[in-house]
Amino acid sequence: MELSVHERGLLHAVAQAPVPAAMSTFFPALSRALPPEVHAPEDDPVRLAWTEEQMALYGASVALWQKNLVRVIHPANGEWPDLVQVTDEGRTALA
C-alpha cells in the first residue's frame, strides 16, 4: 500500500505508542516546517508553510482512519481528542 510521507510517519508513531494516542500529539515531531513566531503576520511565509504542513498532517490522520490503518479506541469527548491504535492492516502496511 502506498502511503504519503505524513501517513507513514503518523502510522509508525501510532504503532510505537505503548497506549492509545491522539495522532496530533505526534505532529511536532513529524513536522519539517518551523513553527511561526507568536506575533508573526498571517501572510508570513513561515506561518503559511507551518499551517500548510499542519493541514497535511491532519489530512494524513483522516486518511489513515479511512484506509482502516488505525482505529479509534476512545472517541473524542471534548476533554481529549480521538485516541487511536494501529490495526493489523496498519502493521501490514508498515512492513
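Structure's up top.
About the cut-offs
- Residues numbered from 1 in each chain as written.
- Predicted model: local features only at pLDDT ≥ 70, side-chain atom pairs only at ≥ 80, totals over all residues.
- Heavy atoms only, no water.
- Helix = DSSP H or I, 4+ residues; strand = E, 2+ residues; numbered from the N terminus.
- Buried < 20%, exposed > 50% of the residue type's maximum accessible area, 1.4 Å probe, protein only.
- Contact = heavy atoms within 4.5 Å.
- Phe/Tyr/Trp six-rings, centres within 6.5 Å; stacked < 30°, edge-to-face > 60°.
- 1 Å grid on protein atoms, 1.4 Å probe; cavity = no way out; pocket = protein on both sides within 12 Å on 5 of 7 lines; lining within 4 Å.
- Points joined across faces, edges and corners; volume = space filled by probe spheres on them.
- Nonpolar A, V, L, I, M, F, W, Y, C, P; charged D, E, K, R; others polar.
- Core = buried A, V, L, I, M, F, W, Y, C linked by side-chain atoms within 4.5 Å.

**Some remarks on the overall build of the chain**
Right, so step 1: Counting its regular elements, the chain contains four helices and two strands.
Right, so step 2: The order of α-helices and β-strands along the chain, N terminus first, is α-α-α-β-β-α.
Right, so step 3: The principal-axis extents of the C-alpha atoms in the chain amount to approximately 45 × 35 × 20 Å.
Right, so step 4: For the chain, the residues scored as buried account for 36% of the 95 residues in total.
Right, so step 5: Excluding contacts between residues fewer than 6 apart, the proportion of contacts in the chain whose partners are at least 24 apart in sequence is 49%.

**Quick look at the packing of aromatic side chains**
Right, so step 1: For the structure shown, the criterion picks out one aromatic pair.
Right, so step 2: Judged by centre distance (4.7 Å) and plane angle (80°), the rings of Phe27 and Tyr58 are edge-to-face. Of this pair, Phe27 sits in helix α2 (residues 27–30) while Tyr58 sits in helix α3 (residues 45–66), and the two are 31 residues apart along the sequence.
Right, so step 3: Taking the relative accessible area as the measure of exposure, Phe27 reaches 3% and is therefore buried.
Right, so step 4: With a relative accessible area of 45%, Tyr58 lands in the partly exposed category.

**Quick look at the layout of surface pockets**
Right, so step 1: The volume enclosed by the largest pocket comes to roughly 200 Å³.
Right, so step 2: Surrounding the largest pocket, Ala22, Met23, Ser24, Phe27, Tyr58, Ser61, Val62, Trp65, Val72, Pro81, Asp82 and Val84 form its lining.
Right, so step 3: The element contributing the most residues to the lining of the largest pocket is α3, with four residues.
Right, so step 4: Its residues assigned to classes, the lining of the largest pocket shows nine nonpolar, two polar and one charged.

**Focus: the nonpolar core**
Right, so step 1: The biggest cluster of nonpolar side chains holds 18 residues, and the ones touching the most others in it are Leu10, Leu11, Val14, Met23, Leu64 and Val70.
Right, so step 2: Only α1 (5–16), α3 and β2 (83–86) provide two or more residues apiece to this core.
Right, so step 3: Looking at this core, the element that brings in the most residues is α1, giving five residues.
Right, so step 4: Not counting residues within four places of it along the chain, the set of residues in contact with Met23 comprises Leu10, Val14, Ser61, Leu64, Val70 and Val84.

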